[in-house]
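# Notes for the structure review
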Amino acid sequence: MNFDFSDDDKMVQDQINRFLRDNCGFGEFRSVLEGEATYSESVWRGLSEMGVQGTAIPSAYGGVEAGYLSLCLAARELGAHLAPVPFSSSIYLAAEAIQGAGSEAQKEEWLPKLASGQVIGTLAVTETVQEPVPEDITTTFVNGKLNGTKLVVPHGLMADVVVVLARTNDGLSLVLAPLSDVERRSIDTVDPTMGSATITFKDSPAKLLGQPHDGWSVLSTVYNRAAVMFAFEQLGGAERALDMAVGYAKERFAFGRPIGSFQALKHMMADMYVALKLAESNCYYAAWALQNDSDDLALAAATARVSATQAFQLCSRDNIQVHGGMGFTWEYDCHLYYRRSNYLTLVLGGLSAWEDKLVSALPDAA
Amino acid sequence: MEFSDTKEEAAFRVEIRTWIDNNAPDYLFEPLSSSGFGSIQIDGFDPMAEAKQWQKTKAEAGWACLQWPKDYGGRGATPIESVIWNQEEGVYGQLSRMFIIGQGMCAPTMMTFASEDQKQRYLPKLASGEEVWCQLFSEPHGGSDLAGLRTRAEKDGDDWVINGQKIWTSGAQHSDFGILITRTDPEVPKHRGLTMFFLDMKSVGIDIRPIKQANGDSGFNEVYFDNVRIPDAQRLGEVGEGWKVSLTTLMNERLAIGGSITTGFPEIKELVDQLRIASGTAINDPAVRSKLADWYAKSAGLKNTAARAISALSKGETPGPENSIGKLVAGGMMQDIAKFSLDLQGLSGAIVDPEIAAGSARLQAMLMRSPAVRIEGGTDQILRNIISERVLGLPEDMRADKGIPFNKIPSGN
């Protein structure tokens, strides 16, 4: 048994970590949070130069073809550094949907540009103020034209191309639309660095992606795969939030002693560690299932997703608690993790939805 | 990343499987599979006799205490080989429960601190189950604060004379020998006045009384010492070094890697697949599904964490600190699962008669046994201290007894 990442994958992870450490501090996040930029173009470019966007894309389509284990470790670093770049939407969602359902021509047209970072992609599903169900989808795709409004599209502000869940004749289909001529408005969310937009299509040209009426089930496959990579981002974020809490608790004194010597806080941080380690082990297994297209993927992905969501939410929440009042200031960085953790919880459907998927994927005799 | 055995590991597994198929007491498979929380119940069989027989059979074929040197009754096997044995022994491993403390904790202490003659005399019989050992550590005044123990050892010629009381001693009533930590000097700070011994449990002056537990079972004992004499030759480590010796013992009090971790998840899954509640079959209820998902994610997390430890052993590395989370997660989860399972059944959930209750009342037994899981071998709170101090590097708690002679420490009575 070798239940670990290869030295090659770890070396790539280390390179990404060093790049982000030097170029993607909290300042990058804040320049998007507080400034005019919608994402960090310099970090995006740097990742492109290292080929990170193309990690799991086949070399026939301009990727590095280093596999999903490597991509999962890249995701962990992006999550740890709260990188304000459209990586998740472009790679885990758009590129995955095109790779999984696209025609040869569509793959050839879009994957090389997504792999190089020249083009940014995303996925648009939600239309109403509730967890989407098929009946909610009223955006239509008829005679090559898209009409309708997607309420909240992650990285919709800067995307060049979008995979849209739309109604065709009597079913739901995925379609692929360039975003050159659409109306998009920024929409405020708990994490303003996720570039969320409301996008309105008016007779916008688009092409079917995959089989007609297959949209909901293809979406669910894309979500299962993306869930593993998002789980690694959540894992990275959870680990940093815990590090931050531990670091502060060692330095901050109250009642004449470091606050990290109080059991009330130590035990809180021990519980954060436990949640983190459970998530980490589940993420490892899900990465294996993803890389090997295991029959177990649906269950492994939901398990990783549930425990990584729990871990990041717990660690980011209690990191604020360990910091006390300072943790609730805009100036301290605790809220950056709290914001990201809560956005990432919802991006593929909320925790309850994933709990439900997990139980549905359980074998009959557990 | 891959989950298959290496060629050598696969061959070793086949060898074990073949031997177990030919030698294991298969008439005990069913009762052992449905036996669970608390003492082993095997109708019509004497569990101690069956356990000793299985241990003897294993030892004669070289399958006892695999990692021990051959000279002491082991096999000289590698850690990963030992894990493979645990996986393959499966349900029969439950029979070895009464040897776990002797083989898992007393033996490493003897190997480090006993003389060569003593090791030759005691270890092979401990491996083969011919002699059973217990560990006499906890006291009414020294549980989590083990170094606060009060049992006295006073030198008298070539002997030491022991007076005091131990508690929560598993298997003392079946034991031939035990390792015992005592206070030899009450006038120095508490960690410095301790000394370790091993002794014959049939010595004059020992009185063993079973404790009736909250769940009605009696797996533990109180052990009273009234002028019990131990030869100085049975001292383990130097006088006053008992704390250091005890750390060797306690370091070995860890999850036996490769064995299964009891969480209660399979039991509750089986229940909710069938059980009818107001909204229909329980498994279809959103509140049930939410809890089930949480518990599955935790039990999968423990299983995958154990797989990482096995992987590290397979590569000749030491498993990481994440293995310290096992009992902390499993104990609380077992209690929560049991409580929720009963809750779903209304008043009938209160029935503990295995003939009537759903799932042979295993969940009810779990409810009543689980409080102990959260205490024995390190309470939830001590485990959180260990994780926060040794893994996260947080500062030690301030101690009111630091540097104070033991006999000057406030004791509340």
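Numbers given to residues run from 1 along each chain, matching the order in which its sequence is written. Here every chain gets a letter starting at A, and every ligand a number starting at 1, in the order they are written. Where local features are concerned, this predicted model is filtered to residues with pLDDT of at least 70; where side-chain atom pairs are given and counted, the filter is 80 or more; whole-chain, interface and lining totals use all residues.

Take the overall build of chain A next. Summing up its helical and strand segments, chain A has eleven helices and ten strands in all. In terms of overall size, chain A behaves like a compact globule, its C-alpha atoms giving a radius of gyration of 20 Å where 366 residues would be expected to give roughly 21 Å. Principal-axis analysis of the C-alpha atoms places the extent of chain A at approximately 75 × 50 × 40 Å. A sequence separation of at least 24 residues applies to 74% of the contacts in chain A between residues at least 6 apart. Here a strand is any run of E in DSSP of at least two residues, a helix any run of H or I of at least four, and the numbering for each starts at the N terminus. Atoms considered for the radius of gyration are the C-alpha atoms alone. The globule rule reads 2.2 Å times the number of residues to the power 0.38. Two residues form a contact once the distance between their C-beta atoms, set from the backbone, is within 7 Å.

Turning our eyes to something else, we now look at unusual backbone geometry. The phi angle at L82 of chain A is positive, at roughly 50°, despite the residue not being glycine. With respect to the element layout, L82 of chain A can be found in the loop between α4 (68-80) and α5 (87-101). The phi dihedral of A361 of chain B is positive, around 60°, even though this residue is not glycine. Checked against the element boundaries, A361 of chain B lands in the loop between α10 (326-344) and α11 (362-373).

All names here are of chain A. Domains assigned within chain A are domain 1 (7-116), domain 2 (121-211) and domain 3 (216-361). A straight line from the C-alpha centre of domain 2 to that of domain 3 covers 28 Å. Listed per partner, the contact involves twelve residues of domain 2 and eleven residues of domain 3. For the side of domain 2 that touches domain 3, the residue count by class is eight nonpolar, two polar and two charged. Residue ranges for the domains trace back to a domain assignment, done automatically or taken from a database. Under the scheme applied here, ten amino acids are nonpolar (Ala, Val, Leu, Ile, Met, Phe, Trp, Tyr, Cys and Pro), four are charged (Asp, Glu, Lys and Arg), and all others, including Gly, are polar.

Residues and elements named next belong to chain B. The assigned domain composition of chain B is domain 1 (7-127), domain 2 (133-249) and domain 3 (265-378). Computed from C-alpha coordinates alone, the two centres of domain 1 and domain 2 are separated by 26 Å. Between domain 1 and domain 2, the contact holds 16 residues from the first and 17 residues from the second. Elements that contribute at least two residues to the side of domain 1 that touches domain 2 include exactly α5 (100-113) and α6 (116-127).

Below, the discussion takes up the packing of helix α7 (residues 215-251) of chain A against helix α9 (residues 297-323) of chain A. In a pair of packed helices, the angle between the axes and the distance between the axes together describe the arrangement. All names here are of chain A. Lines fitted to the C-alpha atoms define the axes, with helices restricted to the stretch that makes contact. Angles between their N-to-C directions range from 0 to 180 degrees. Running from N to C, α7 and α9 cross one another at 25°; their axes reach a closest spacing of 7 Å. By the angle class used here, α7 and α9 are roughly parallel. Every pair of crossing elements has a handedness; the one defined by α7 and α9 is left-handed. Looking at the contact of α7 with α9 residue by residue, the classes come out as 22 nonpolar, seven polar and two charged. In this scheme, roughly parallel covers angles under 35 degrees and roughly antiparallel covers those over 145, while 65 to 115 is roughly perpendicular and the rest are oblique. By convention, the crossing between two helices is left-handed when the near helix turns anticlockwise from the far helix through less than a right angle, and right-handed when the turn is clockwise.

Ranked by size, the top nonpolar core spans 229 residues in total, and within it V175, V228, M269 and A286 of chain A carry the most contacts. If you tally residues by element for this core, the top one is α7 of chain A, at 20 residues. Setting aside its immediate chain neighbours within four residues, M269 of chain A contacts L242, A245, V246, A249 and V322 of chain A together with S388, L392 and L394 of chain B. Throughout this description, the term nonpolar core refers to a group of buried Ala, Val, Leu, Ile, Met, Phe, Trp, Tyr and Cys residues whose C-beta atoms join them within 7 Å. Exposed residues have 12 or fewer other C-beta atoms within 10 Å of their own C-beta, buried residues have 20 or more, and partly exposed residues fall in between, where C-beta atoms are placed from the backbone.

Here we come to the interface of chain A and chain B. Every contact between the two is made by 38 residues of chain A and, on the other side, 39 residues of chain B. It is helix α8 (residues 263-291) of chain A that provides the largest number of residues to the side of chain A that touches chain B, a total of 15 residues. Here the residues of the side of chain A that touches chain B are counted per class, giving 21 nonpolar, ten polar and seven charged.

On to the packing of α4 of chain A against α8 of chain A. Residue and element names in this part refer to chain A. Running from N to C, α4 and α8 cross one another at 140°; their axes reach a closest spacing of 8 Å. Comparing their axes, α8 and α4 come out oblique. Judged by the sense of rotation from one axis to the other, the crossing of α4 with α8 is right-handed. Here α4 contributes Y68, L69 and C72 to the contact with α8, which in turn contributes A287, L290 and Q291. Taken together, the residues that form the contact of α4 with α8 break down as five nonpolar, one polar and no charged.

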